[in-house]
Amino acid sequence: MTTVSEPLSTVQTSVPCPFCGILCDDLEVTTGPSGLKVTKNGCTKAVAGFERQVSGASPMIAGKPSTLPEALCAATQIIKAARLPLYGGLGTDVDGIRAVMALADKSGGVVDHALSEGQYRNFRVLQSQGWFMTTLTEARNRADLIVVVGSDLHQLHPRFFERIVNPTVSMLSETPAKRTVVFLGKGLDTSGVSGPGIGEVISIPCPLEQVSEVLSALKAELRGTPLNSAEIAGVRAATITDLAGRCRKAAYGVMVWAPPSLAFPHAELTVGLVSELVKEINVTNRFACLSLGGNEGAVSAGAVCSWQSGYPLRVSFASGKPDYDPLRYVIPKMLATGDGDALLWISSFTPDLGPPATTVPTIVLGTPGVKLSGTPAVFIPVGTPGADHAGRIVRCDNVVTLPLKDLKRSNLPKVSDLLAAIELAL
């Protein structure tokens with residue numbers, strides 16, 4: 001009698017990668033007994049995310065092994081006893097965030113993503129003055145001038161230049177025109193800008209915290225106001241005049257930034273200046289903003305919170321209805337002032353998104369190996385959407401929700417299922 005054995009490995013094509021906000025969906029991943037192997041179109045983030053070993057992790061209560069039902073029961077008791085539970089990290093997919101919102105609503109908790117400080121550099125501008133935003137697809141197919149504003153895009157999104165800035169073909173032409181790429185800011189990694197689609201690469205080094213000064217001078221130049229100084233923030237006036245001329249001549253220009261890179265005081269003013277510049281250029285030319293970011297499910301968190309509460313994160317349900325306060329409901333600040341008395345932390349994508357040090361009882365739903373600042377009251381290892389189970393996630397430009405594949409790397413549970421079980425038990 002002959003038996004047919006299962007194949008030792010299979011090749012999955014067109015795999016979306018959830019490990020940065022661009023969500024490249026052209027990866028080839030081999031699945032097999034030894035785990036996942038990225039065999040095509042993978043960057044450093046994709047390889048680290050998919051190929052990481054997650055086997056052997058088990059639930060823990062106060063650092064001691066437990067069963068999953070015991071850990072869920074302990075987590076439920078912590079949430080029940082809390083006066084104001086805090087729901088942070090939020091490194092999960094759309095279904096996970098929906099479950100967070102439901103649990104926070106039922107338990108009267110606060111919802112805030114670990115990377116929301118960077119997001120609020122955008123939110124404040126969107127709320128106060130609006131903007132003219134493009135998408136990854138529009139930028140890929142139309143842009144002839146790309147201005148990178150104070151952001152190390154190659155480090156945050158390793159395939160951005162390959163996928164968006166240097167396409168071999170576009171929807172509008174089989175031989176797209178070469179693009180000019182301008183880097184505004186000191187110390188930015190330009191190594192990703194290469195290939196047949198790239199024309200000039202121009203670096204305008206200035207301290208990142210002074211990028212807004214250069215943008216203000218560029219705005220004045222575009223308005224026809226002569227610059228009264230030979231140098232602004234270390235940049236020659238002639239360089240700014242040249243950039244203004246390139247902006248005027250561009251058929252479709254794009255100013256790109258990543259909120260996490262603008263880590264200096266009042267960075268929202270820089271984002272606001274970019275927005276104002278783009279609006280003014282659009283009077284005579286086509287120009288647009290493009291914000292990247294969105295790692296660790298941050299864009300999904302902001303989007304789902306907005307859909308369901310009307311507000312983009314930093315929302316409390318303690319009063320029985322959504323209460324929005326972007327200055328008060330910041331989880332690190334609340335932990336420091338003793339405003340919350342329990343923390344449920346979610347980190348399902350990478351081990352880097354660990355919970356902050358705190359004395360309040362902490363529940364961690366984390367990918368195996370997540371960095372911990374201490375021993376949590378409860379730890380439950382969870383699967384990664386797009387590797388251990390299927391899911392959905394919002395891309396950094398907020399216009400596409402991509403389905404993530406189940407590559408069956410492990411049988412670790414979904415965040416959404418665990419949160420639903422806790423909510424049901426409350």
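Quick caveat, the model's predicted, so the values are computed rather than measured. (Residues numbered from 1 in each chain as written. Predicted model: local features only at pLDDT ≥ 70, side-chain atom pairs only at ≥ 80, totals over all residues. Heavy atoms only, no water.)

**Some remarks on the overall build of the protein**
Reasoning step 1: The number of helices and strands found in the protein is 13 helices and 21 strands.
Reasoning step 2: The C-alpha atoms of the protein give a radius of gyration of 23 Å, which matches the 22 Å a tight globule of 426 residues would have.
Reasoning step 3: Taken along the three principal axes of its C-alpha coordinates, the protein extends 70 × 65 × 30 Å.
Reasoning step 4: For the protein, contacts bridging at least 24 residues in sequence account for 64% of all contacts bridging at least 6.
Reasoning step 5: Computed over 37 positive and 37 negative side-chain charges, the inter-centroid distance for the protein is 2 Å. (Helix = DSSP H or I, 4+ residues; strand = E, 2+ residues; numbered from the N terminus. Rg over C-alpha atoms; globule rule 2.2 N^0.38 Å. Contact = heavy atoms within 4.5 Å. Lys, Arg positive; Asp, Glu negative; His and termini not counted. Charge placed at Lys NZ, Arg CZ, Asp CG, Glu CD.)

**Comments concerning the environment of Gly-108**
Reasoning step 1: Looking at the secondary structure, you find Gly-108 in the loop between α3 (94-107) and β7 (110-111).
Reasoning step 2: Separated by 23 residues in the primary sequence, Gly-108 and Pro-85 have C-alpha atoms spaced 7.2 Å apart.
Reasoning step 3: Setting aside residues up to four positions removed in sequence, Gly-108 forms contacts with Leu-84, Pro-85, Phe-317 and Ala-318.

**Quick notes on unusual backbone geometry**
Reasoning step 1: The backbone of Leu-90 sits at a positive phi, close to 60°, despite the residue not being glycine.
Reasoning step 2: Tracing the sequence through the fold places Leu-90 in strand β6 (residues 85-91).
Reasoning step 3: Given a relative accessible area of 0%, Leu-90 falls into the buried group.
Reasoning step 4: Even without a glycine there, the phi angle at Arg-314 is positive, about 55°.
Reasoning step 5: Relative to the elements of secondary structure, Arg-314 occurs in the loop between α11 (298-309) and β15 (315-316).
Reasoning step 6: Judged by its relative accessible area of 1%, Arg-314 is buried. (Buried < 20%, exposed > 50% of the residue type's maximum accessible area, 1.4 Å probe, protein only.)

**Concerning the packing of helix α2 (residues 68-81) against helix α13 (residues 415-425)**
Reasoning step 1: Where α2 meets α13, the axes come as close as 9 Å, and the angle between the chain directions of the two elements is 55°. On the basis of the axis angle, α2 is oblique to α13. Crossing hand, α2 versus α13: right-handed. Residues Leu-68, Leu-72, Ala-75, Thr-76, Ile-79 and Lys-80 of α2 lie in contact with α13, whose contacting residues are Leu-418, Ala-421, Ile-422 and Ala-425.
Reasoning step 2: Of the residues contributing to the contact of α2 with α13, the split by class is eight nonpolar, one polar and one charged. (Axes fitted to C-alpha atoms, helices over the stretch in contact; angles between N-to-C directions. Parallel < 35°, antiparallel > 145°, perpendicular 65-115°, else oblique. Left-handed = near helix turned anticlockwise from the far one by under 90°. Nonpolar A, V, L, I, M, F, W, Y, C, P; charged D, E, K, R; others polar.)

**Regarding the sheet that holds strand β4 (residues 60-61)**
Pairing between the strands of a sheet comes from backbone hydrogen bonds, and it takes one of two forms, parallel or antiparallel.
Reasoning step 1: Strand order in the open sheet formed by nine strands is β5-β4-β19-β18-β17-β6-β7-β15-β16, and the pairing between neighbours is mixed. Strands with a single pairing partner mark the edges of an open sheet, and in this sheet they are β5 (64-65) and β16 (323-324).
Reasoning step 2: As paired elements, β4 and β5 share two bridges and run antiparallel to each other. Opposite Ile-61, over in β5, you have Lys-64 as the bridge partner.
Reasoning step 3: Each of β4, β6, β17 (342-347), β18 (362-366) and β19 (378-381) is contacted by α2, which is oriented at about 130° to β19, the strand it contacts most. (Pairing = 2+ DSSP bridges.)

**Considerations on the packing of aromatic side chains**
Reasoning step 1: Inspection of the entire model under this criterion finds six aromatic pairs.
Reasoning step 2: Aromatic pair Phe-19 and Phe-50: ring centres 5.1 Å apart, planes at 90°, arrangement edge-to-face. Residue Phe-19 is located in the loop between β1 (10-15) and β2 (27-32), and its partner Phe-50 is located in helix α1 (residues 44-51); the two are separated by 31 residues in the primary sequence. For the residue pair Phe-19 and Phe-50, the accessibility class agrees, reading buried in each case. (Phe/Tyr/Trp six-rings, centres within 6.5 Å; stacked < 30°, edge-to-face > 60°.)

**With respect to the environment of Leu-243**
Reasoning step 1: Inspection of the secondary structure assignment puts Leu-243 in helix α9 (residues 237-249).
Reasoning step 2: We classify Leu-243 as buried; its relative accessible area is 4%.
Reasoning step 3: It is 9.6 Å that separates the C-alpha atoms of Leu-243 and Ile-202, two residues lying 41 residues apart in sequence.
Reasoning step 4: Apart from the residues lying within four places of it in its own chain, the contact partners of Leu-243 are Val-147, Val-182, Ile-204 and Leu-218.

Treat this as a map of the structure, not an account of what it does.
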